[in-house]
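Inside the fold
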Amino acid sequence: MKKVWRGTVLMLVLLFLYLPILVLAVYSFTDATNIGAIRGFSVKNYVTLFTTPELVRMIMGTMVLAVGSAAAATVLGTLGAVGSFYSKKGMASAITTMNQIPVVNADVVTGFSICILLVVVFGVSKDTFVPLAAGHVTLCAPFVFLSVIPKLKQMDPSIYEAALDLGATPFTALVKVVIPQIFPGIISGFALAITLSLDDYFVATYTKPATFDTISTYVVNATKGAQTTIKTALWALSTVLFLTVALTVLVMNVRTEKKRRERDGV
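Because the structure is predicted, anything quoted here is derived from the model rather than measured.

Thresholds, definitions, all that
Residues numbered from 1 in each chain as written. Predicted model: local features only at pLDDT ≥ 70, side-chain atom pairs only at ≥ 80, totals over all residues. Heavy atoms only, no water. Patch = residues over 30% accessible without salt bridge, like charges linked within 9 Å, V, L, I, M, F, W, Y side chains within 5 Å. Areas by Shrake-Rupley, 256 points an atom, 1.4 Å probe, with all protein chains shown as cover. Salt bridge = Lys/Arg side-chain N within 4 Å of Asp/Glu carboxyl O. Helix = DSSP H or I, 4+ residues; strand = E, 2+ residues; numbered from the N terminus. Buried < 20%, exposed > 50% of the residue type's maximum accessible area, 1.4 Å probe, protein only. Axes fitted to C-alpha atoms, helices over the stretch in contact; angles between N-to-C directions. Parallel < 35°, antiparallel > 145°, perpendicular 65-115°, else oblique. Left-handed = near helix turned anticlockwise from the far one by under 90°. Contact = heavy atoms within 4.5 Å. Nonpolar A, V, L, I, M, F, W, Y, C, P; charged D, E, K, R; others polar.

There is a patch of nonpolar side chains on the surface, built from Met 11, Leu 12, Leu 15, Leu 19, Leu 22, Val 23, Val 26, Ile 35 and Ile 38 and spanning about 820 Å² of accessible area. Secondary-structure assignment places Leu 22 in helix 1 (residues 2-28). For Leu 22, a relative accessible area of 52% puts it in the exposed group.

Our focus in this paragraph is the environment of Met 98. Considering the arrangement of structural elements, one finds Met 98 in helix 4 (residues 89-104). Along the sequence, Met 98 and Met 60 sit 38 residues apart, while their C-alpha atoms lie 33 Å from each other.

Moving on: the packing of helix 4 against helix 6 (residues 130-154). At a minimum axis separation of 8 Å, helix 4 and helix 6 run at an interaxial angle of 130°. On the basis of their axis angle, the class for helix 4 and helix 6 is oblique. For the pair helix 4 and helix 6, the sense of crossing is left-handed. Residues Ile 95, Thr 96, Asn 99, Gln 100, Pro 102 and Val 103 of helix 4 pack against Pro 142, Phe 143, Phe 145 and Leu 146 of helix 6. Across the contact of helix 4 with helix 6, the residue classes tally to seven nonpolar, three polar and no charged.

Encoded structure:
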């Protein structure tokens, strides 16, 4: 009975998580204009998605922002994690605690604070994209930190000192000894940072230029009177994003499992 109960609960949770996405994906391949009765099969939503200049510019701009801010956040988060790991206990605890604050803090507070600091205090124009990029880096870097720290704790801490004893400089030991050991965590943090940037709405709302939209801000605005063809094309966009993320996670898990088997000699 316990196995049946656990299986039932797991199935209900999976249905709750994935059934809405599945419904949206099904409707993206129809010519329906609203969620309701299914009409004929059609790929017009995908044609609209990839041929409408407004949508293409929005998607490309969002992807450039996500990859660029994720790269910067990965560097900062990784350096912060390495610095915390090799610091004294009190300093390491302080760094970890300060890293937790942006994680649990509301995104709206982060976005509003970045806007006030850069735009109001320092006079940086939103049109420069600096506040937007800074906001996304601030949002993502703490999560990279949390992805890298477990890999550092799994690593043998003596290998860094051994590299120094063998004549390596601190930078060489970091690049050739420490980074390869924690590289899976860095990749996981980078992927998570991209997802967070794509998903963000509040930080982008406060910091973006008036003429620029990310996917999140565009989708919210599109529900307020956009053309029907644009609204249904966003169904296709949601499906593409979900499939891309799902495929990326699947490939990463397969590669990780393959490396584990090779390491264990299975």
